[in-house]
Amino acid sequence: MKKTLLLLTLLIGFISCKEEAVDKPDDLIAKDKMIDVMYDLSILDAIKYQNPTSLETYKINPSQYIYKKYKVDSAQFAQSNIYYASNYTDYKDMYDKLIQRIDEKKTVLDSLVIREDKKQAKIQADSIKRIKVTPIKKDSLLLKKLKLFKKRKDTLQIQ
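Notes on the structure in this doc start here. Position numbers for residues start from 1 in each chain and track the written sequence from start to end. Reporting in this predicted model follows two pLDDT cut-offs: at least 70 for local features of residues, and 80 or more for side-chain atom pairs to be given and counted; totals over whole chains, interfaces and linings ignore these cut-offs and use all residues. Just so you know, side-chain values use all the structure's heavy atoms and leave hydrogens and water out.

Here Lys71, not a glycine, exhibits a phi torsion of approximately 55°, which is positive. Secondary structure counts use DSSP, requiring at least four H or I residues in a row for a helix and at least two E residues in a row for a strand, with both numbered from the N terminus. By secondary structure assignment, the location of Lys71 is in the loop between α4 (62-70) and α5 (74-85). Residue burial is assigned from relative accessible area. The probe radius is 1.4 Å, only protein chains are included, and a residue is buried under 20% of its type maximum, exposed over 50%, and partly exposed in between. Classification of Lys71 as exposed rests on a relative accessible area of 73%.

Below you can see the structure in the form of structure tokens.
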């Protein structure tokens, strides 16, 4: 992902220095589909950096998975990305939509986490209520020992 971001940054830098516009590729990915691809790549990269073993366990290559899902290849994605990046305002709008979509999902997931925490707290409280407390009987051995200890303590203080 770092290499991809570095490559994209360099490409954007080179493109911004050009005076001529980038030609539209023949197999341009539609904007909405491009946003979907970028969203999924962002989510999978977040998973990769949050829990790297999860993707390694299932031998998932995030980029290849996304390209296969959307039926695009890496060259097509790169060319489309360069084309969209050549127009800063459109590209910024695409990223704004992407960030908005991530924030919406984050809000939903945060509320689900809060709901799950409340559910777990209720389960724990219910399990504590179910514990039966057995009262100490008046003639229990422990009570007798406590009384005996108090008597000895009192007699030691008197002397």
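Aromatic rings in a pair are described by how distant their centres are and how their planes are angled relative to each other. Ring geometry is summarised as follows: Phe, Tyr and Trp rings, the Trp one being its six-membered ring, pair when their centres sit within 6.5 Å, and such pairs are stacked at plane angles under 30 degrees, edge-to-face over 60 and tilted between the two. This structure, assessed with the given rule, holds three aromatic pairs. With a centroid separation of 5.2 Å and an interplanar angle of 70°, the aromatic rings of Tyr91 and Tyr95 are classed as edge-to-face. Of this pair, Tyr91 and Tyr95 both sit in helix α6 (residues 88-130), four residues apart, which is roughly one turn of that helix. Under the relative-accessibility criterion, Tyr91 is labelled buried at 9%. Above the plane of the ring of Tyr39 lies Arg101, whose end atom (NZ or CZ) is 4.0 Å from the centre. Whether a charge sits over a ring comes down to the Lys NZ or Arg CZ being within 6 Å of the ring centre and within 35 degrees of the ring normal.

Relative to the helices and strands, Pro62 is located in helix α4. Residues Pro62 and Leu44 lie 18 residues apart in sequence; the distance between their C-alpha atoms is 5.9 Å. Those residues in contact with Pro62, other than ones at most four positions away along the chain, are Leu41, Leu44, Asp45, Lys48 and Leu55. We call two residues in contact when some of their heavy atoms are within 4.5 Å.

What follows concerns the pattern of salt bridges. Salt bridges are counted wherever a side-chain nitrogen of Lys or Arg sits within 4 Å of a carboxyl oxygen of Asp or Glu. The tally for this structure, following the rule as stated, stands at five salt bridges. Across the pair Asp36 and Arg101 runs a salt bridge, and its minimum N-O distance is 2.6 Å. On the criterion of sequence distance, the pair formed by Asp36 in helix α2 (residues 31-50) and Arg101 in helix α6 is long-range, its members being 65 residues apart. On the accessibility criterion, Arg101 (26% relative accessible area) is partly exposed.

Turning our attention to the packing of α2 against α4. Axis lines are fitted through C-alpha atoms, for helices just across the contact stretch, and the angle between N-to-C directions can take any value from 0 to 180 degrees. Following both chains from N to C, one finds α2 and α4 inclined at 150°, their axes separated by 10 Å at the closest point. Considering the angle they form, α2 stands roughly antiparallel to α4. Like other packed secondary-structure pairs, α2 and α4 cross with a definite hand, here right-handed. Side by side, α2 and α4 meet where Lys33, Asp36, Val37, Asp40, Leu41, Leu44, Asp45 and Lys48 of the first sit next to Pro62, Ser63, Tyr65, Ile66, Lys69 and Tyr70 of the second. Lys, Arg, Asp and Glu make up the charged group, whereas Ala, Val, Leu, Ile, Met, Phe, Trp, Tyr, Cys and Pro make up the nonpolar group; the residues left over, Gly among them, are polar. Partitioning the contact of α2 with α4 into residue classes produces seven nonpolar, one polar and six charged. Each angle is binned into one of four classes, with values under 35 degrees roughly parallel, values over 145 roughly antiparallel, values of 65 to 115 roughly perpendicular, and all other values oblique. Note on convention: near helix rotated counterclockwise from far helix by under a right angle means a left-handed crossing. Clockwise means right-handed.

With respect to the helices and strands, the residue Ser80 is situated in helix α5. Polar contacts, as used here, are pairs of N or O atoms within 3.5 Å; protein pairs need one atom able to donate a hydrogen and one able to accept it. Residues neighboring in sequence count only if both atoms are side-chain atoms. A polar side-chain atom of Ser80 sits 3.0 Å from the main-chain amide nitrogen of Ile29. Ser80 has contacts with Pro25, Asp27, Leu28, Ile29 and Met34, leaving out every residue within four places of it along the chain.

On to the side chain of Gln76, then. Of note, Gln76 is situated in helix α5. Side-chain polar atoms of Gln76 contact the backbone oxygen of Asp27, separated by 2.9 Å. Here Gln76 is in contact with Asp27, Ile29 and Lys71, once residues within four sequence places are set aside.

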